Amino acid sequence: MSIKKFVTPVMTGALALMMALPAQARDFRLGLITPPPHKWTQAAYAFAEDVKEKSGGEHSISVFPARQLGNEAQMVQQLQTGALDMAFLTIAEVSNRVPDFGALYAPYLVENIDQAAALLRSEAAGELLNQLPSEAGIVGIGYGMAGMRQVMSRDAAQGPEDLVGKKLRITPFEPIRDFYKAAGSAPTPLPLPAVYDALANGQIDAIDMDFDSILIFKFYDHAENLLISNHMMFPMVGVVSGRVWKDLSKEERQLLQTSMRKHLDGVIDHFQQQEKLQEQQLRALDKVVIQEVSKDDFAAAIAEWEKIWSEKAKSLPRLRQAAAEIKGS
Ligand code: 3HB
C-alpha cells in the first residue's frame, strides 16, 4: 500500500474526530487597574460569569484587578506576547502607543456624559479601534468609560488661574499632560491607586479625577475644593491579545465579543445614569466647596493643546464632526 493511500484515511478520521470534539476548555486571564469597588472591575467579573455560563462551563475567565498583573504599560506588553489574554484599559496607555487615540481626549470634545456616551458609540470612535491590531498587537472589542474629568484641589480654587504652578496629579498619558502644561500647572503623573496617599502626604496639590472615584476613594478627605469643569471624557477599551485572538475559533470569538461588548456597554450606561446623582452626592457634602468652570476659562490652554494634537491625532476632525452631529441632534 502506498503511503498516500494509508495516510489519507487515517488523517481524515483524525480530522473528523477533532471536529466532533468540543472546543478546548480555556481559562482566560483578564487584567485591569481598577480596584474591586470600581464599576469596571464589577463589569469584568460579570463578563467572566457570563462567558462561563454561555460556554456551558467550558471556558472561564480569571479577573486580576487593582494592578495585580502590573500597570497598564506592563499589561499591554503581556497582551502583545500572549501572556495575558484580555484587559480593560484606560485609553491612556493606548494613546501613548497609538497617538490617534489622543483625539478622544480633546478638551471639551463633548460637553457632558450623555454626549460622551453617544460619541463612544459612534462609527467614528469605533473606527479608531481598527488601528489596534497592527499598531499595538491587540484587538479592540469595544468601549466603556468613566465619568467626566473634574479637578479637586487642597487649596481654594476659583478657576484654572488658581492651578497655575500647582502640582496636579494626572493619569499618566500625554494628551492630559499637554492640557495642564498649557494651563500653566505642573502635571504630575500618578496611577489611580497612588493618589490618596499622595494627597494625604502633600506630595501633590490637586488631582484630575471623576466624580465616581472621588466618592469611592474619598479624595475629599485631603482635597476639599472641587472645580466642576467636565473638561474631558474618559474612555476605556476592552481588548483581547492579538496572538490569542488569532487562535480562537469563530464561535469563541463571537462569544467573547458579544459578551464583552454587552458588559462594556453596561459600564457606559452606568456612568451615564449616575453622573448627576454623584454630583448631587458631592454637593451634599458640607466639607466640599464647589466652583463651576467652563470651556471659556480654559480657552488659551485649549488653543495650545490643539496646536500639538491636530498634528498627532489625525482622527481629530472626524471625531469633532461626529461630536458636532451629536450636539446638534
Ligand atoms: C484615573 O483617574 O487614572 C482613573 C479613573 C478611573 C478609572 C481608571 C483610572 O475612574
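For the structure, see preceding data.
Summary of the structure given here. (Residues numbered from 1 in each chain as written. Predicted model: local features only at pLDDT ≥ 70, side-chain atom pairs only at ≥ 80, totals over all residues. Heavy atoms only, no water.)

### Some details on the packing of helix H2 (residues 39-54) against helix H12 (residues 250-283)
Item 1. It is the contact of H2 with H12, at a shortest axis distance of 9 Å, that shows an interaxial angle of 150°. Viewed along their axes, H2 and H12 adopt a mutual orientation that is roughly antiparallel. You can see that H2 and H12 cross each other, and the crossing is right-handed. Residues Lys-39, Trp-40, Ala-43, Ala-46, Phe-47, Asp-50, Val-51 and Lys-54 of H2 form the contact with H12, whose own contacting residues are Leu-255, Leu-256, Ser-259, Met-260, Lys-262, His-263, Val-267, His-270 and Phe-271.
Item 2. Across the contact of H2 with H12, the residue classes tally to 10 nonpolar, three polar and four charged. (Axes fitted to C-alpha atoms, helices over the stretch in contact; angles between N-to-C directions. Helix = DSSP H or I, 4+ residues; strand = E, 2+ residues; numbered from the N terminus. Parallel < 35°, antiparallel > 145°, perpendicular 65-115°, else oblique. Left-handed = near helix turned anticlockwise from the far one by under 90°. Contact = heavy atoms within 4.5 Å. Nonpolar A, V, L, I, M, F, W, Y, C, P; charged D, E, K, R; others polar.)

### Notes on the pairing of strand E5 (residues 149-153)
Here is the key point about a regular strand: its side chains alternate between the two faces of the sheet.
Item 1. The buried count for E5 comes to five of five residues, which makes it a mostly enclosed element.
Item 2. Relative to strand E8 (residues 206-210), E5 runs antiparallel, the two sharing five bridges. The partner of Gln-150 across the bridge, within E8, is Met-209.
Item 3. With three bridges joining them, E5 and strand E9 (residues 225-228) adopt antiparallel strand pairing. Note that in E9 the partner of Val-151 across the bridge is Leu-227. (Buried < 20%, exposed > 50% of the residue type's maximum accessible area, 1.4 Å probe, protein only. Pairing = 2+ DSSP bridges.)

### Considerations on the packing of aromatic side chains
Any pair of aromatic rings gets described here by the distance separating the centres and the angle formed by the planes.
Item 1. Inspection of every chain in the model, using the stated rule, returns nine aromatic pairs.
Item 2. Note on Trp-40 and Phe-234: the rings are 6.4 Å apart at their centroids and 15° apart in plane angle, and the pair reads as stacked. Of this pair, Trp-40 sits in helix H2 while Phe-234 sits in strand E10 (residues 234-241); the two residues are 194 residues apart in sequence, bridging distant segments of the chain. Note on accessibility: Trp-40 and Phe-234 belong to one class, buried.
Item 3. Ring geometry for Phe-179 against Tyr-180: centres 5.2 Å apart, planes inclined by 65°, an arrangement best described as edge-to-face.
Item 4. Using a relative accessible area of 1% as the deciding quantity, one classes Tyr-180 as buried.
Item 5. One aromatic cluster in this structure is built from Trp-40, Tyr-105, Phe-173 and Phe-234.
Item 6. Sitting above the plane of the Phe-64 ring, Arg-29 keeps its charged end 5.0 Å from the centroid.
Item 7. A cation over a ring is seen here: Lys-312 above Trp-309, with NZ or CZ 4.6 Å from the ring centre. (Phe/Tyr/Trp six-rings, centres within 6.5 Å; stacked < 30°, edge-to-face > 60°. Lys NZ or Arg CZ within 6 Å of the ring centre and 35° of its normal.)

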